[in-house]
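So the chains spell out like this:
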Amino acid sequence: MGISPVLWQFLVKWLHNAALFPSEASTISPWMDAFYLFLIAMTVVGLVLVGALVFGFAIRYRKERNPVATQVEGSTLLEATWTIIPLAIFLMAFVWGALLYYRIYTPPPNSMNIYVVGKQWMWKSEHPGGQHEINALHVPTGTPVQLTIISQDVFHSFSIPDFRVKREAIPGRYTTVWFEATQPGTYHLFCTQYCGTQHSGMIGEVTVLSPTDYQKWLQQSDSGMSLAQNGERLFASMGCNACHSGTAAARGPNLAGVYGSKLTLTDGSQVLVNDAYIRDAILNPSQHVTAGFAPIMPTYKGQISEEGLIDLVEFIKNLQTNYRVQQTQMTSDSDQAAQPTPTAGQSEAVKP
Ligand code: HEC
Ligand SMILES: [Cu+2]
């Protein structure tokens, strides 16, 4: 679904060769460029129109020709015209922009997920299979890739100009953005929000590979432990399993299958368990107590790094039916990426 008339291709190529535009390396790029060029075109039309009128009126109504000022009464037709036409253009820009916004920030359900942690001053990417990268990101072509982004310290902004995507990295909150790369190659990765003295060094490289090369890369970069397996270790070493053992006598709810389900809290409200909820349940357990349980879970604020929290989130995500994690190292294949739908049955824990 690209926009591919010849003239368009020609224009975009020229803009890229003239170093005015980054290359179009994702499926959204042509759509983004079309919108951007539309805005430029409208601005140019406005500029030319206003400029020509200023010039024309200055000549036509100059003092020699009109020594005495004439009183001009209003014109309803004229006023209606210059209200309705710009309004229509602005509304069109709004709708177009809003559609693109939804497109960029709503990942398709079949997208593969990569975690990105921003910190002063580097980007750290973590693939579910456990592959870690610093100021680098490897992705395959032809697959929607969702990034789950968080900052460990201050605000950052994750930007890949060639893909026309950008997303804030916010401390304490997961944000997402997605793209589908179309061209193998290497592309710039930037932090586009001033974040301290070495902000300008917070750059990196995105490497887009063909799906087979990406599988090779995953194998070469295998760290031996998937994020979920790291999480499983952490879960034991932090003593989480003392309460979340999954047995009937456990003091905490069974976490198997909880991801994607709806939990009922003590105040009767319902919440969807997603990445953000799990992170928050670990850091602020008293904020939302699951119905049927006592508020005995201690807070782990300040005790687990963002990477550790991601590991725990991945572990709990992968706890489908019991407390054993799949031993898969490569989590990029689509069957592994399958997650329970939000409508999946409630966990045991909800039943009083
Ligand atoms: C002292 C026992 C205890 C420990 C230790 C404990 N929890 Fe909990 N946890 C609970 C209880 C009780 C609840 C339900 C009440 C609530 O939400 O606070 C809960 C709720 C949760 C929830 C919300 C999901 C749900 O089904 O309610 C998550 C996620 C969670 N715990 C993860 C963890 C992790 C990860 C650790 C270790 C870092 C941990 N817990 C350590 C007792 C504990
Ligand atoms: Cu930054």
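Throughout what follows, the structure given in this document is the object of discussion. (Residues numbered from 1 in each chain as written. Chains lettered and ligands numbered in written order. Predicted model: local features only at pLDDT ≥ 70, side-chain atom pairs only at ≥ 80, totals over all residues.)

## Overview of the site of ligand 1
Applicable threshold: Each residue gets a C-beta atom placed from its backbone. Should that atom fall within 6 Å of a molecule or strand, the residue is termed near it. Only DSSP runs of H or I reaching four residues or more are called helices, and only runs of E reaching two or more are called strands; each is numbered from the N terminus. In this classification, the charged set is Asp, Glu, Lys and Arg, the nonpolar set is Ala, Val, Leu, Ile, Met, Phe, Trp, Tyr, Cys and Pro, and all remaining amino acids, among them Gly, are polar.
Every one of the 28 residues lining ligand 1 counts as a neighbour, but Cys 240, Cys 243, Gly 252, Thr 290 and Met 297 are closest to it. Listed by contribution, the elements that provide at least two residues to the shell around ligand 1 are α6 (275-283) and α7 (306-318). With three residues, the top contributor of residues to the shell around ligand 1 is α6. Considering only residue class, the shell around ligand 1 consists of 23 nonpolar, four polar and one charged.

## Focus on the environment of Pro 108
Note on placement: Pro 108 falls in the loop between α3 (76-105) and β1 (112-119). With 70 residues separating them along the chain, Pro 108 and Trp 178 place their C-alpha atoms 8.3 Å apart.

## A closer look at the packing of helix α5 (residues 227-237) against α7
Worth spelling out the cut-off: Only the contacting stretch of a helix is used when fitting its axis, a line to C-alpha atoms as for every element, and angles between N-to-C directions run 0 to 180 degrees. Roughly parallel means an angle under 35 degrees; roughly antiparallel, over 145; roughly perpendicular, 65 to 115; everything else is oblique. Throughout, a pair of residues is in contact if the C-beta atoms placed from their backbones lie within 7 Å.
Packing of α5 against α7 brings their axes to within 7 Å, and their N-to-C directions diverge by 100 degrees. Classed by the angle they form, the pair α5 and α7 counts as roughly perpendicular. Judged by residue contacts, Leu 227, Ala 228, Asn 230, Gly 231, Glu 232, Leu 234 and Phe 235 of α5 engage Gly 308, Ile 310, Asp 311, Leu 312, Glu 314, Phe 315 and Asn 318 from α7. Broken down by class, the residue content of the contact of α5 with α7 amounts to seven nonpolar, four polar and three charged.

## Things to note about the sheet that holds strand β10 (residues 204-209)
Note the cut-off: For two strands to count as paired, DSSP must find a minimum of two bridges between them.
In space, the five strands of this open sheet follow the order β4-β10-β9-β6-β7, with mixed pairing throughout. Each edge of the open sheet is held by one strand with a lone partner, namely β4 (136-140) and β7 (165-169). Within the sheet, the average angular offset between the axes of one strand and its neighbour, ignoring direction, is 20 degrees. The pairing of strand β6 (residues 156-160) with β7 spans five bridges and is classified as antiparallel. Paired with Ser 157 across the strands is Glu 168, a residue of β7. Against the sheet, helix α4 (residues 211-220) touches β4 and β10, its axis set at about 135 degrees to β4.

Limitation: the analysis is restricted to geometry and does not speak to function.
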